[in-house]
Amino acid sequence: ENRFTAVFERDGDWWIGYVEEIPGINTQGRTLEEARHNLKEAVALILEANRQLSERELEGKEAIREELLVTTS
């Protein structure tokens, strides 16, 4: 489970959404519900793409992959 901070802003007839902790992920939707759905999908796609890229870059190298839990106040 990953937790992020989503921010949604009204822009005319659209809702614009982005994630505070992950620069470059943003989306839009005609409704707030649509923007939420689109943002969740965008985050999932980026996380998966980044995992695949990392796995390819580490191929053949001695490396340790482990879970990192970070809590903030």
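Residues numbered from 1 in each chain as written. Predicted model: local features only at pLDDT ≥ 70, side-chain atom pairs only at ≥ 80, totals over all residues. Heavy atoms only, no water.

### Some details on the sheet that holds strand β2 (residues 14–19)
Heads up, the condition is: Pairing between two strands requires that DSSP report at least two bridges joining them. Numbering goes from the N terminus for both helices and strands, where a helix is a DSSP run of H or I of at least four residues and a strand is a run of E of at least two. The axes are straight lines fitted to the C-alpha atoms, using for helices just the contacting stretch, and the angles between their N-to-C directions are given from 0 to 180°. In this analysis, two residues are considered to be in contact whenever any of their non-hydrogen atoms come within 4.5 Å of each other.
Read across the sheet, three strands follow the order β1-β2-β3 without closing on themselves; strand pairing throughout is antiparallel. The open sheet has two free edges, formed respectively by β1 (6–11) and β3 (26–29), since each of these has just one partner strand. The average undirected angle you get between the axes of adjacent strands in this sheet is 25°. With six bridges joining them, β1 and β2 adopt antiparallel strand pairing. Bridge assignment links E9 to a residue of β2, and that residue is I16. Helix α1 (residues 32–58) rests against β1, β2 and β3 of the sheet, and its axis sits at about 150° to β3.

### What to know about the packing of aromatic side chains
Heads up, the condition is: Aromatic rings from Phe, Tyr and Trp, taking only the six-membered ring of Trp, are treated as a pair when their centres fall within 6.5 Å; an angle between ring planes under 30 degrees marks them as stacked, one over 60 as edge-to-face, and anything in between as tilted. As a reminder, the over-ring test applies to NZ of lysine and CZ of arginine, requiring each to be within 6 Å of the ring centre and within 35 degrees of the ring normal.
Under the criterion given, the structure shown has zero aromatic pairs. The aromatic ring of F8 is capped on one face by R36, whose charged end is 5.8 Å from the ring centroid.

### Things to note about the nonpolar core
Across soluble globular proteins, nonpolar side chains have a tendency to be buried as a group. What counts is decided by this rule: Nine residue types can take part in a nonpolar core, namely buried Ala, Val, Leu, Ile, Met, Phe, Trp, Tyr and Cys, and a core is a set of them joined through side-chain atoms within 4.5 Å. The buried label goes to any residue with under 20% of its type's maximum accessible area, the exposed label to any with over 50%, and the partly exposed label to all in between, with areas taken from a 1.4 Å probe on protein chains only.
Among the nonpolar cores identified, the biggest contains six residues, and these are V19, I22, I25, L39, A42 and V43. The biggest single contributor to this core is α1, with three residues.

### Observations regarding the pairing of β2
Following β1, the chain reverses through two residues before pairing antiparallel with β2; G12 in that reversal takes a positive phi of roughly 65°. As paired elements, β2 and β3 share four bridges and run antiparallel to each other. Each bridged residue has a counterpart across the sheet, and for I16 the counterpart in β3 is Q28. Counting the residues in the hairpin turn of β2 and β3 gives six residues, including G24, whose phi is positive at 95°.

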